[in-house]
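Below, each chain spelled out in residue letters.
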Amino acid sequence: MTFLEIMQGLVEAVPGSLAATIMGMDGLTIQQYCLSDYDVETVGVEYGKVIEEIKHASGVLNLGTVEEVCVATDEMTLVLKMVTQGYYIALVLSSGANTGKARFLLKGAALKAEKELFI
């Protein structure tokens, strides 16, 4: 399964999804899929910086390894799921989308993406 198929399948399976991207912690996009001209790459890069800060705080507090981050605003929800410590998937949802379904499907997408990374 290709990264494009994984991202497309994720976006199309969650009603209200706008876009998905798989990125490295260095900010480089591996693959993205958008239903419109949404700038998911910039969102992924900017929130990738937030993941680094959260990972640092979790380490200082001995809370364990960060697996997922969810940011909800009045206009959208962003769910960031770690694939490995160096890669993550960012899924952008419109307000009111089913975040629970998105989180569930992100787990499977992350496993598929991890397999693709190490082929």
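Our subject is the structure that appears above.
The numbers attached to residues start from 1 for each chain and follow its sequence in the written order. Local features in this predicted model are restricted to residues whose pLDDT is 70 or higher, and side-chain atom pairs enter the listing and the counts only when it is 80 or higher, whereas totals over whole chains, interfaces and linings include all residues. The side-chain values count all of the structure's non-hydrogen atoms but skip hydrogen atoms and water molecules.

Asker: So what about the overall build of the protein chain? Which residues, and what values?
Answerer: Going along the chain from the N terminus, every DSSP run of H or I of four or more residues is numbered as a helix, and every run of E of two or more is numbered as a strand. Of the regular secondary structure elements, the protein chain holds three helices and five strands. The order of helices and strands in the protein chain, counted from the N terminus, is α-β-β-α-β-β-β-α. Based on the C-alpha atoms only, the size of the protein chain along its principal axes is roughly 40 × 40 × 25 Å. Each residue's exposure class comes from its accessible area (1.4 Å probe, protein chains only) as a fraction of the maximum for that residue type: buried when under 20%, exposed when over 50%, partly exposed otherwise. Within the protein chain, buried positions represent 38% of all 119 residues.

Asker: For the nonpolar core, give the residues involved together with the corresponding values.
Answerer: Among soluble globular proteins, nonpolar side chains are generally buried collectively. Nonpolar core, defined: a set of buried Ala, Val, Leu, Ile, Met, Phe, Trp, Tyr and Cys residues in which side-chain atoms within 4.5 Å join the residues together. Among the nonpolar cores identified, the biggest contains 20 residues, and Met7, Leu10, Ile22, Ile89, Leu91, Leu93 and Ala113 are the most heavily contacted of them. Contacts between residues were defined by any pair of non-hydrogen atoms, one from each residue, lying within 4.5 Å. Those residues in contact with Leu91 that sit more than four places away from it in its chain are Leu10, Val11, Ser17, Ala19, Ala20, Thr77, Leu78, Val79, Ala102 and Leu106. Grouped together as the second largest cluster of nonpolar side chains are 14 residues, Val40, Ile51, Val66 and Met82 included.

Asker: Summarise the sheet that holds strand S5 (residues 87-94); cite the residues concerned and give the values.
Answerer: Any two strands with at least two DSSP-identified bridges between them are counted as paired. Taken in spatial order, the five strands line up as S2-S1-S5-S4-S3 in an open sheet, and their pairing is antiparallel. Of all strands in the sheet, those with a lone pairing partner are strand S2 (29-34) and strand S3 (68-72), marking the two edges. Taking the axes of each pair of neighbouring strands and ignoring which way they run, one obtains an average angle of 10° across the sheet. For strand S1 (residues 17-24) and S5, the ladder comprises seven bridges, and the chain directions are antiparallel. When the sheet's bridge partners are listed, Ala20 is paired in S5 with Leu91. In the packing of helix H3 (residues 99-117) onto the sheet, contacts are made with S1, S2, S3, strand S4 (76-84) and S5, and the angle to S4 comes to roughly 30°. Simply put, an axis is a line fit to the C-alpha atoms, just over the touching stretch for a helix, and the angle between two N-to-C directions goes from 0 to 180 degrees.

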